[in-house]
Amino acid sequence: MWRIPLLHVNLIFLSLMLLLLVTTAQAESIRIKSVNLAAVEQGYEISVDSEIVLNATLEQALEKGIVLYFVTKFSLVDSRWYWLNDEIVRGKLRVGLRYYALTRQYHLNYPAISQSFNTLEEALQALGQLHNYSLIVKSELKQDVDYIASLRIWLDLTRMPKPFQVEALGSSRWNLSSDKLEWRMKLPTPGQPLQIKGQ
């Protein structure tokens, strides 16, 4: 009778477990793929390409009529060795994702507009695309200074109904966030945008 050596069995088992962990990690995540920062007449604009995947718990919450709010936050900090870090540029956008059972459509609610989609995949794809979002400049900017930029996208649990906030405490099923993307940069000039590859 043909037998597989115990060492090979252990290696096969370990490989399958690693594959399962990778698949699970990819199944529910927010992954920032690229960032584009451009100088325009009014100041600066940011565009972000990301991939957002929900787990079964969050999909069920949508089907129950719960609105999921996603926040994209960008900041530019002047890191001075002799003083506290000073945030000089900021952009923070909150978008609500909702499912309407009556029309069987998903809606993205932005501060000024609303968009409708027939499938969750289409809605999430649109949610992951942020184009030409104007940033707020709070202090004077200098072209020759190295700034620290950071970007993160996450599910805002504070906007959910209180019973769901309580359920979400200490549960990884409700925690959905990208890694914090951080880099040093000089300000882009008109016609020469800054492009950063994500994770």
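The next thing to look at is the pattern of salt bridges. Evaluation of the coordinates by the stated rule reveals 5 salt bridges. For Arg31, the salt bridge goes to Glu51, with nearest N and O atoms at 3.2 Å. With Arg31 in strand β1 (residues 29-40) and Glu51 in strand β2 (residues 43-53), this pair connects stretches of sequence that are 20 residues apart. On the basis of relative accessibility, which here comes to 32%, the residue Arg31 falls in the partly exposed class. A salt bridge links Arg94 to Asp156; its shortest N-O distance comes to 3.1 Å. Of the two residues, Arg94 is situated in strand β4 (residues 86-100) and Asp156 in the loop between β9 (147-155) and α4 (162-168); the sequence distance between them amounts to 62 residues. The exposure class of Asp156 is buried, given its relative accessible area of 5%.

This structure, assessed with the given rule, holds 2 aromatic pairs. Judged by centre distance (6.3 Å) and plane angle (40°), the ring pair of Phe74 and Trp183 falls under tilted. Taken as a pair, Phe74 in strand β3 (residues 68-78) and Trp183 in strand β10 (residues 181-185) lie far apart in primary sequence, 109 residues in all. Between Tyr99 and Tyr106, the aromatic rings sit 4.6 Å apart at their centres with planes inclined by 40°, giving tilted as the arrangement.

Further remarks concern the sheet that holds strand β11 (residues 194-197). A sheet is described by the order of its strands in space; here 4 strands give the open sequence β7-β2-β1-β11, paired in antiparallel fashion. Either end of the sheet is taken by a strand with one partner, and the two such strands are β7 (129-134) and β11. Neighbour-to-neighbour, the strand axes of this sheet turn through a mean angle of 15°, independent of strand direction.

Before going further, it helps to examine unusual backbone geometry. Although it is not a glycine, Arg104 adopts a positive phi angle of roughly 55°. Although it is not a glycine, Asn132 sits at a positive phi angle of roughly 50°. Looking at the element boundaries, Asn132 is found in strand β7.

A surface patch of like charges, here negative, comprises Glu59, Glu63, Glu121 and Glu122. Mapped by element, the contributors of at least two residues to the negative patch are α2 (56-63) and α3 (120-127). Mapped onto the fold, Glu121 is located in helix α3.

Rules of the game
Residues numbered from 1 in each chain as written. Predicted model: local features only at pLDDT ≥ 70, side-chain atom pairs only at ≥ 80, totals over all residues. Heavy atoms only, no water. Salt bridge = Lys/Arg side-chain N within 4 Å of Asp/Glu carboxyl O. Helix = DSSP H or I, 4+ residues; strand = E, 2+ residues; numbered from the N terminus. Buried < 20%, exposed > 50% of the residue type's maximum accessible area, 1.4 Å probe, protein only. Phe/Tyr/Trp six-rings, centres within 6.5 Å; stacked < 30°, edge-to-face > 60°. Pairing = 2+ DSSP bridges. Axes fitted to C-alpha atoms, helices over the stretch in contact; angles between N-to-C directions. Patch = residues over 30% accessible without salt bridge, like charges linked within 9 Å, V, L, I, M, F, W, Y side chains within 5 Å. Areas by Shrake-Rupley, 256 points an atom, 1.4 Å probe, with all protein chains shown as cover. Lys, Arg positive; Asp, Glu negative; His and termini not counted. Charge placed at Lys NZ, Arg CZ, Asp CG, Glu CD.

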